[in-house]
Amino acid sequence: GTLTLEIHLRSYRRAATSFVPPNPICNNMLKGFDNEEMSDVSFEVGGVVESAARRRLRKRAKTTATTFHASHLILRLNAPSLADMCR
């Protein structure tokens, strides 16, 4: 003959849960975005735009200048060429 065993196992230990606090870096980065107080670099975009230099009469279009505030560290990590121009 054959011997057949039927086994039922139960575990009474609870699985250990680890506490992982939320990481606030994304929210902090968004709070610092375009923040003049926290920035160390600013870009002024717009103003006077000239047409092609070869034309005799240069036409100038005036647009409203917009200022963007940035962090040199963030530029260094994400746009190193632009960060080099801002030294």
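Cut-offs and rules
Residues numbered from 1 in each chain as written. Predicted model: local features only at pLDDT ≥ 70, side-chain atom pairs only at ≥ 80, totals over all residues. Heavy atoms only, no water. Helix = DSSP H or I, 4+ residues; strand = E, 2+ residues; numbered from the N terminus. Buried < 20%, exposed > 50% of the residue type's maximum accessible area, 1.4 Å probe, protein only. Contact = heavy atoms within 4.5 Å. Areas by Shrake-Rupley, 256 points an atom, 1.4 Å probe, with all protein chains shown as cover. Patch = residues over 30% accessible without salt bridge, like charges linked within 9 Å, V, L, I, M, F, W, Y side chains within 5 Å. Salt bridge = Lys/Arg side-chain N within 4 Å of Asp/Glu carboxyl O.

Chemist: Is there a simple way to think about the overall build of the chain in this case?
Modeler: Tallying secondary structure elements over the chain gives three helices and four strands in all. Written out in order from the N terminus, the α and β elements of the chain read α-β-β-β-β-α-α. Here the chain, with 87 residues, has 7% of them falling under the buried criterion. Contacts spanning at least 24 positions in sequence make up 41% of the contacts within the chain whose residues lie at least 6 apart. Just so you have it, the chain exposes about 8,900 Å², and 55% of that area is on carbon and sulfur atoms.

Chemist: I would appreciate a short explanation of a nonpolar patch on the surface in the present structure.
Modeler: On the surface, Ile25, Met29, Leu73, Ile74 and Leu77 cluster together into a nonpolar patch covering about 490 Å² of accessible area. When contributions to the nonpolar patch are tallied by element, the ones reaching two or more residues are helix 1 (25-32) and helix 2 (72-78). Broken down by element, the residue count for the nonpolar patch peaks at three residues, all from helix 2. Mapped onto the fold, Leu73 is located in helix 2.

Chemist: Can you help me understand the environment of Asp84 in this one?
Modeler: Mapped onto the elements of the fold, Asp84 is located in helix 3 (residues 80-85). Taking the relative accessible area as the measure of exposure, Asp84 reaches 41% and is therefore partly exposed. Remark: the alpha-carbon pair of Asp84 and His72, spanning 12 residues in sequence, is separated by 9.4 Å.

Chemist: Explanation requested: the pattern of salt bridges in the structure shown.
Modeler: Tallied over the full model, the rule gives two salt bridges. Note that Asp84 and Arg76 form a salt bridge whose closest N and O atoms lie 2.9 Å from each other. Looking at Arg76, the relative accessible area reads 28%, which means it is partly exposed. Close ionic contact of Arg87 with Asp84 constitutes a salt bridge, the shortest N to O distance being 3.6 Å. A residue is classified by how much of its surface remains accessible, and Arg87, at 76% relative accessible area, is exposed. Where salt bridges share partners, they join Arg76, Asp84 and Arg87 into one cluster.

Chemist: Explain unusual backbone geometry to me, please; I cannot follow it from the model alone.
Modeler: Note: most peptide bonds trans; most residues except glycine with negative phi. A positive phi angle is found at Asp34, which is not glycine, with a value near 55°. On the secondary structure map, Asp34 appears in the loop between helix 1 and strand 1 (41-45). Given the relative accessible area of 34%, Asp34 is considered partly exposed.

Chemist: How do you make sense of the side chain of His69 when you look at a structure like this?
Modeler: Note that His69 resides in strand 4 (residues 66-70). Assessed through its relative accessible area of 18%, His69 is described here as buried. In contact with His69, not counting residues within four places along its chain, are Asp34, Asn35, Glu36, Ser39, Val41 and Ser42.

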